[in-house]
Amino acid sequence: MKRQPFFQLTQSAVEQLAANFDTPLLVLSLDQIERNYRFLKTNLPRVKFYYAMKANPDMRILEKMAEMGASFDVASDGEIKTLAGLGIDGERMIYANPIKTTAGLKACAYAGVNKMTFDNIAEVEKMAKACPGATVLLRFRIDNSSAHVDLNKKFGAARQDAVGLLKAAKDAGLDAAGICFHVGSQVMFADPYLQALDISREIFEEAKAAGLNLRILDIGGGFPIPELKVNFNLQEILGQVNARLEEDFANVEIWAEPGRFICGTAMNLITSVIGVNERNGQTWYFLDDGLYGTFSGVIFDQWDYKLISFKEGDEEIEATFAGPSCDSLDIMFRGRMTVPLEVGDLLLVPACGAYSSASATVFNGFRKTQIVVWEDVKAEFGLKDALATAV
Ligand SMILES: Cc1ncc(COP(=O)(O)O)c(C=O)c1O
């Protein structure tokens, strides 16, 4: 199995960057963003991609994606305005939040966003009033308990209501153009996609019988990045999805909304040990980034981050890792095996670009972790390229 290489700093790059910048420090590789986007495009050649910027809205990522011709999945007026501020046309956005705010709909009208998703009748009325004639996709619910983050707990119409809702949208003057789903985030098997495509085909047929000619299928996000516990072959998964799209949706426009896959492997965190303690026989390490910062994904994304210390040693101990704030909730990992650490030691956290800095706060007055671009600092400090093939 050929694995896609991804961005991971070497020990010497970590040490040099820590010496030249304060830690915590996030390092973003725009080359990796490009590799990830091209990988999806190569393996799903018919798909039009809308980057789900909620995963990481760093301006440099948005600019890079825009430059490469991508479109964008937006969830709020703030995201629409950010993209509009970068000169990105509303044509290249889909408002893919099934429940829209008044401000969000106003921003659509202002920025020319004419594509949106919905999963209930109240939303039909809201869209028809604020954005008459908009192109709308009905989001249906699928059950996928194997997803790392199951978004179907909150969104998606019952499958049997799908065509009725599309008809209601058409009757309200909207362009009822298609359907969409989200299998849940970090899905490591093809089955959930294939099951969702089976249901999609049924809805397309049912809609046709009801006089609706659907032309768009949006297969959402969920594409996985390498992670700690499960091995999978994304190329194989996408191959199966692509074959099914060819078989059942040959004349349909296919869209997707990848978030995690685009940015997840493109960012590395360098964090320092700032405190050490022994409490009730347990070793505690305090880091300069925490749950209220880049590690916010531990809570919001239920993510288990890898920690690399570069320290050699036969002895491994079980330790608790906590963040820098005064809050006792600010604990990231318990019972983590590690070589013994000391104040001043550096830790590298690879593949931490998705749902991490995006949900970081400035709680306790700690500023958000600075993000530098790898390709810039690499040139500035004469650093060696940094790629790994497994997390
Ligand atoms: C509507 C929608 N599309 C796309 C995404 C991106 O999903 P992922 O990061 O799993 O690719 C999300 C994530 O929450 C979402 O809610």
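Residues numbered from 1 in each chain as written. Predicted model: local features only at pLDDT ≥ 70, side-chain atom pairs only at ≥ 80, totals over all residues.

### Concerning the overall build of the protein
The helix and strand tally for the protein stands at 12 helices and 17 strands. For the protein, whose C-alpha radius of gyration is 22 Å, the value lies close to the compact-globule estimate of 21 Å for 391 residues. Projecting the C-alpha coordinates of the protein onto the three principal axes gives extents of approximately 70 × 45 × 45 Å. Considering only intrachain contacts with a sequence separation of at least 6, the fraction spanning at least 24 residues in the protein is 74%. (Helix = DSSP H or I, 4+ residues; strand = E, 2+ residues; numbered from the N terminus. Rg over C-alpha atoms; globule rule 2.2 N^0.38 Å. Contact = placed C-beta atoms within 7 Å.)

### Digging into the domain arrangement of the protein
One frequent convention defines the size of an interface as the accessible area lost when the parts assemble. Looking at the protein, the domain boundaries give domain 1 (57-258) and domain 2 (265-388). Inter-centroid distance (C-alpha atoms) of domain 1 to domain 2 is 33 Å. Between domain 1 and domain 2, the contact holds eight residues from the first and nine residues from the second. The residue inventory of the side of domain 1 that touches domain 2, partitioned by class, reads five nonpolar, one polar and two charged. (Domains from an automatic or database assignment. Nonpolar A, V, L, I, M, F, W, Y, C, P; charged D, E, K, R; others polar.)

### Quick notes on the environment of W255
Checked against the element boundaries, W255 lands in strand β10 (residues 253-256). C-beta crowding within 10 Å serves as the criterion here: with 22 such atoms nearby, W255 is assigned to the buried category. The sequence separation of W255 and L40 amounts to 215 residues, and the corresponding C-alpha distance is 12 Å. Those residues in contact with W255, other than ones at most four positions away along the chain, are V47, K48, Y50, I216 and D218. (Buried ≥ 20, exposed ≤ 12 C-beta atoms within 10 Å, placed from the backbone.)

### With respect to helix α7 (residues 162-171)
Residues of α7 that are buried: A162, V163, L165, L166 and A169. End-on view of α7: buried residues confined to an arc of 160°, all on one side of the axis. Looking one or two residues past α7, G173 carries a phi angle of roughly 90°, positive in sign. (Arc of directions from axis to C-beta.)

### Digging into the packing of helix α2 (residues 30-43) against helix α3 (residues 59-67)
Two numbers describe how α2 lies on α3: the axes approach to 10 Å, and their chain directions differ by 45°. Classed by the angle they form, the pair α2 and α3 counts as oblique. Note on packing geometry: the crossing formed by α2 with α3 is right-handed. Side by side, α2 and α3 meet where L30, I33, E34 and Y37 of the first sit next to R60, I61, K64 and M65 of the second. Here the contact of α2 with α3 is composed, by residue class, of five nonpolar, no polar and three charged. (Axes fitted to C-alpha atoms, helices over the stretch in contact; angles between N-to-C directions. Parallel < 35°, antiparallel > 145°, perpendicular 65-115°, else oblique. Left-handed = near helix turned anticlockwise from the far one by under 90°.)

### So, unusual backbone geometry
Looking along the chain, the bond that leaves T23 and enters P24 is cis, with omega of 0°. With phi around 50°, Y355 is a residue other than glycine that occupies positive phi space. Of note, Y355 is situated in the loop between β15 (346-349) and β16 (370-373). In this structure, N364 takes a positive phi of about 70° despite not being glycine. Take N364: it is sitting in the loop between β15 and β16.

### Some points on the site of the ligand
Near the ligand there are 17 residues, and of these A52, S185, G221, G259 and R260 occur at the shortest range. Residue composition of the shell around the ligand, grouped by class: seven nonpolar, six polar and four charged. (Near = placed C-beta within 6 Å.)

### Re the nonpolar core
Ranked by size, the top nonpolar core spans 114 residues in total, and within it V27, Y51, F72, V136, L138, A162 and I179 carry the most contacts. Element by element, the count of residues in this core is highest for helix α8 (residues 191-209), at six residues. Lining this core are residues from two domains, each supplying at least three of them: domain 1 (57-258) and domain 2 (265-388). If sequence neighbours within four positions are ignored, V27 has contacts with L9, L17, M267, N268, I270, V372 and W374. (Core = buried A, V, L, I, M, F, W, Y, C linked by C-beta atoms within 7 Å.)

### Some details on the pairing of strand β7 (residues 135-139)
Most of β7 sits out of view: four of its five residues are buried. Here strand β6 (residues 115-118) pairs with β7 via four bridges, running parallel. Residue pairing across strands places K115 opposite T135, the latter belonging to β7. Taken together, β6, helix α6 (residues 121-130) and β7 constitute a β-α-β crossover, and its handedness is right-handed. Across five bridges, the pairing between β7 and strand β8 (residues 175-180) is parallel. For V136, the partnering residue across the bridge sits in β8 and is A176. (Pairing = 2+ DSSP bridges. Right-handed = clockwise from strand over helix to strand, strands pointing away.)

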